Protein chains: 2
Amino acid sequence: MATKSRIKTEARPTSTVEQYIKVIFSQQERAEGEIVGMKQLADAMAVTPGTATSMVKHLSARALVDYTPRKGVLLTATGRKLAVTMIRRHRLIETFLEQVLGYDWTEVHEDAEALEHAVSERFIERIDTYLEYPQTDPHGDPIPDSSGAIERRLSVPLDRCSEGDQVTVVRIGDEDPEFLILMKEHMLTPGEVFLVTEINPTAGTLSVCHIESKALFTLGLAAGARILVAPIH
Amino acid sequence: MATKSRIKTEARPTSTVEQYIKVIFSQQERAEGEIVGMKQLADAMAVTPGTATSMVKHLSARALVDYTPRKGVLLTATGRKLAVTMIRRHRLIETFLEQVLGYDWTEVHEDAEALEHAVSERFIERIDTYLEYPQTDPHGDPIPDSSGAIERRLSVPLDRCSEGDQVTVVRIGDEDPEFLILMKEHMLTPGEVFLVTEINPTAGTLSVCHIESKALFTLGLAAGARILVAPIH
DNA sequence: ACTAAGACTTTGACGCATCAAAACATATAA
DNA sequence: TTATATGTTTTGATGCGTCAAAGTCTTAGT
Ligand SMILES: [Mn+2]
Ligand SMILES: [Mn+2]
Ligand SMILES: [Mn+2]
Ligand SMILES: [Mn+2]
């Protein structure tokens, strides 16, 4: 055991590749498995469309995506595996930052975005153990287990509820700290229970009443789309 | 507060720059402030000398080092500040991995090497608080405080002790897991007390006796140089 | 069927970090 | 002093990830 191992260590994807794959996955999710166009991908990655095209060719050569020129891109089984690994890392890290290091709900995403590309498999398994295998991250998003299985939850976007529905908040979109701060102010956090008091397509608003505090809150339908809820019975 | 901040965020050095600065610092330490040559730097960075030269010019343009062509390189005050920041990050991360996540003494260095370039200032301050401001890392190396001050300790390399000296282990060089495993087997860890029973320059060995267990251990003088000890009274 | 608007791809360029190999400088030994 | 070894710099090249701008394709509207 005194000699340095000469075994060809499987090269880890660059953080750029990891990020593209993660973003393609979420775009694909968002659109029910629809093919992801270059403009859409470029926007989500904050790069120019030409950059997206050339990167996608690279991902295709690495067998992480199926690329149909002038159509778009879909993850292969391999790509999906990597995407789920990344999502697991991201969400475990977010949970760890909140639970252990006392980060605020609104701060975890930014740091997780960088750490997810730097942590080792060992680190991830250790924090998973430390946290006792959490099911969801601070925003209510499910954490895939180490085999890649993601819990399927029955939930609907808040803007697709009907007046009179009583719902439990399941998940709040996590990318925008401003949004998260506002939601927290009105107790729109995972686990809280609300009554949908009004849906107004004309005004583009919806209103909810926090059951516990009786507080009322009105928000735009687009904002409502970023909140997932589970109807109560 | 609804508009995105347009303040020019001070660009963080690339992880490559961070790593060069950290390595220049430790080479400079090792040689009592001697100027660091390109071959020495190239070897420590595992790059070719030409690469070191071009990088050093870049560091010099960034005012992180003073570069004298054909002589070598020394950190500027700015460079030293960055180096100490990196060392603080590295050692706090190592301590955190061991204390909180249950990493073994021998495993922490590798992960810290990657994480130190990815963590935020917020992360570092949080783990510092969580650990209650530790003074030393798992290998006995001092952790600079957030103002950059490093505790000065009086210690000497084990190979420069004399027969009959009684010493406390202060620090074990942390880069080589093999070495760390062996040292741990013989209880050569920070805090343990030993008697130097023999120094044999001819054979190139030295022997120590673990006071508590009476166990004897013989090692090479080069290995001894990687162990710092404090003579007892 | 024609056209205009978008989406998409290609091309040429750049910055960063690296290497290999050639050219050069310096120090020491003969 | 001259030769040789060693360290150093330069040059030309490469891969990655990116942009700007020019050109191409597709789609939907008239
Ligand atoms: Mn997130
Ligand atoms: Mn999240
Ligand atoms: Mn270390
Ligand atoms: Mn250490």
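Rules and cut-offs
- Residues numbered from 1 in each chain as written.
- Chains lettered and ligands numbered in written order.
- Predicted model: local features only at pLDDT ≥ 70, side-chain atom pairs only at ≥ 80, totals over all residues.
- Heavy atoms only, no water.
- Salt bridge = Lys/Arg side-chain N within 4 Å of Asp/Glu carboxyl O.
- Helix = DSSP H or I, 4+ residues; strand = E, 2+ residues; numbered from the N terminus.
- Pairing = 2+ DSSP bridges.
- Near = heavy atom within 4 Å.
- Polar contact = N/O pair within 3.5 Å; in protein donor to acceptor, adjacent residues only side chain to side chain.
- Nonpolar A, V, L, I, M, F, W, Y, C, P; charged D, E, K, R; others polar.
- Contact = heavy atoms within 4.5 Å.
- Domains from an automatic or database assignment.
- Axes fitted to C-alpha atoms, helices over the stretch in contact; angles between N-to-C directions.
- Parallel < 35°, antiparallel > 145°, perpendicular 65-115°, else oblique.

Notes on the pattern of salt bridges
Part 1: Summed over the entire model, instances satisfying the criterion amount to 24 salt bridges over all chains.
Part 2: Residues Asp-141 of chain B and Arg-171 of chain B are paired through a salt bridge, measuring 2.6 Å at the closest nitrogen-oxygen approach. Highlighted residues: Asp-141 of chain B in the loop between α6 (121-130) and β3 (156-157) and Arg-171 of chain B in strand β4 (residues 166-172), separated in sequence by 30 residues.
Part 3: Taken together, the shared-partner salt bridges connect Glu-107 and Asp-111 of chain A together with Arg-122 and Arg-126 of chain B into one network.

Concerning the pairing of strand β5 (residues 193-200) of chain A
Residue and element names in this part refer to chain A.
Part 1: One ladder, built from 3 bridges, connects strand β4 (residues 166-172) with β5; its direction is antiparallel. Bridge pairing in β5 places Gln-166 opposite Leu-195.
Part 2: Pairing of β5 with strand β6 (residues 205-210) involves 6 bridges; the strand directions are antiparallel. Paired with Val-196 across the bridge in β6 is Val-208.
Part 3: Here β5 hands over to β6 after 4 residues, with Gly-204 in that stretch at a positive phi of 70 degrees.

What about the protein's contact with DNA strand C?
Part 1: With respect to spatial proximity, 21 residues lie near DNA strand C, and among them Lys-39, Lys-57 and Tyr-67 of chain A together with Thr-14 and Thr-51 of chain B are the closest.
Part 2: In the environment of DNA strand C, a phosphate oxygen lies 2.2 Å from a nitrogen or oxygen atom belonging to the side chain of Tyr-67 of chain A.
Part 3: In the model, a phosphate oxygen of DNA strand C is placed 3.2 Å from a nitrogen or oxygen of the Tyr-20 of chain B side chain.
Part 4: Within the residue set of the surface near DNA strand C, elements represented by two or more residues are α2 (38-45) and α3 (49-61) of chain A together with α1 (15-30) and α3 (49-61) of chain B.
Part 5: Ranked by residues supplied to the surface near DNA strand C, first place goes to α3 of chain A with 4 residues.
Part 6: Class assignment for the residues of the surface near DNA strand C results in 8 nonpolar, 8 polar and 5 charged.

What to know about the environment of Val-156 of chain B
Residues and elements named next belong to chain B.
Part 1: Here Val-156 is to be found in strand β3.
Part 2: Counting along the chain gives 15 residues from Val-156 to Arg-171, while the straight-line C-alpha distance between them is 9.8 Å.
Part 3: Those residues within four positions of Val-156 in sequence are excluded, and the remaining contacts are Cys-161, Ile-227, Leu-228, Val-229 and Pro-231.

Focus: the domain arrangement of chain A
One frequent convention defines the size of an interface as the accessible area lost when the parts assemble.
Part 1: Assigned domains of chain A: these are domain 1 (15-75) and domain 2 (156-231).
Part 2: Spacing between the C-alpha centres of domain 1 of chain A and domain 2 of chain A amounts to 31 Å.

Remarks on the packing of α1 of chain B against helix α4 (residues 77-99) of chain B
All names here are of chain B.
Part 1: Running from N to C, α1 and α4 cross one another at 95 degrees; their axes reach a closest spacing of 9 Å. Between α1 and α4, the interaxial angle falls into the category roughly perpendicular. For the pair α1 and α4, contact is made by Glu-18, Ile-21, Lys-22 and Phe-25 and by Gly-79, Arg-80, Leu-82, Ala-83, Val-84, Met-86, Ile-87, Arg-89 and His-90, respectively.
Part 2: In the contact of α1 with α4, the residues fall into 7 nonpolar, 2 polar and 4 charged.

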